[in-house]
Amino acid sequence: MNTAQPIRKGEDLQRFKEYFQSKSPNKRNYLLVITGLNTALRISDILKLRWGDVYDFKRQRYREHLDILEQKTDKASLVFINRNMKKALMDYKDDIEKKQGRISPDQFLFESSSHRGRPISRVQAFRIIKEDADACNLEGVISCHSLRKTFGYHAWRQGIMPALLMNIYNHSSFQVTVRYLGIEQDDRDNIFKNINI
């Protein structure tokens, strides 16, 4: 199976989240991981985020929601910015301001260090996620899309209503969502694990 997989095990997910925070500190890469895991956005939508999307420069405070137009579906999406993401944003903003001075609202959130004024590429984002997954010895195909799937998988495991996940992902049916998250295979695997005849 060559499709991106969610990070299913809680301990794997914890190690994955902490890699760019403590093992190989990089506040931008850490924010990329946290944003992907907590927003369920596609990497194309994450990379186009600018500081003005997450921070209200006039009121000098972080926004409550990301208000974006999804690139693939061309649908408007309002995504709550939770406390984990806000904390990662604050740390990264402080770090940038110490090193470079003032941030502008038009500056890309995930600005390329080699191409100022442009976001990192999808290839670079993939390399970041791959480095993290390899360092954490995660099995399966882990890519940028895994962040989006991990959000849904853990939301489902915590009892979030399937209709809400369908809505978040803009899927046409629950079966599409189930297949997307790999839930059917997990359920099948658990049956075989637990039946020892």
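Residues numbered from 1 in each chain as written. Predicted model: local features only at pLDDT ≥ 70, side-chain atom pairs only at ≥ 80, totals over all residues. Heavy atoms only, no water.

### Observations regarding the pattern of salt bridges
All chains considered together, the criterion is met by eleven salt bridges. Its salt-bridge partner being K87, residue D91 comes within 2.9 Å of it at the nearest N-O pair. Here the residue D91 and the residue K87 both occupy positions in helix α5 (residues 83–100), the gap between them amounting to four residues, near one helical turn. Here the salt bridges share partners, and the residues they tie into one network are D56, R59 and R63. (Salt bridge = Lys/Arg side-chain N within 4 Å of Asp/Glu carboxyl O. Helix = DSSP H or I, 4+ residues; strand = E, 2+ residues; numbered from the N terminus.)

### Quick word on the nonpolar core
The nonpolar side chains of a soluble globular protein tend to be buried with one another. Within the largest apolar cluster, 42 residues are counted, with the highest numbers of intra-cluster contacts made by F16, L32, W51, L66, L89 and I129. Every element with two or more residues in this core is listed here: α1 (10–23), α2 (27–39), α3 (43–47), α4 (51–54), β3 (65–69), α5, α6 (122–135) and α7 (144–157). No other element matches the six residues that α2 contributes to this core. Sequence-distant contacts of W51, that is, excluding residues within four places in its chain, are made with F57, Y62, L89, Y92, K93, I96, I103, S104, P105, Q107, F108 and L109. Among the nonpolar cores identified, the runner-up in size contains eight residues, and Y169, Y180, L181 and I183 belong to it. (Core = buried A, V, L, I, M, F, W, Y, C linked by side-chain atoms within 4.5 Å. Buried < 20%, exposed > 50% of the residue type's maximum accessible area, 1.4 Å probe, protein only. Contact = heavy atoms within 4.5 Å.)

### Focus on the packing of α2 against α7
Relative to each other, α2 and α7 sit at 45 degrees, their axes nearing to 6 Å. Viewed along their axes, α2 and α7 adopt a mutual orientation that is oblique. The way α2 lies across α7 gives a crossing that is right-handed. Between α2 and α7, the contacting residues are L32, V33, G36, L37 and N38 on the first element and L147, R148, T150 and F151 on the second. Considered class by class, the residues forming the contact of α2 with α7 number five nonpolar, three polar and one charged. (Axes fitted to C-alpha atoms, helices over the stretch in contact; angles between N-to-C directions. Parallel < 35°, antiparallel > 145°, perpendicular 65-115°, else oblique. Left-handed = near helix turned anticlockwise from the far one by under 90°. Nonpolar A, V, L, I, M, F, W, Y, C, P; charged D, E, K, R; others polar.)

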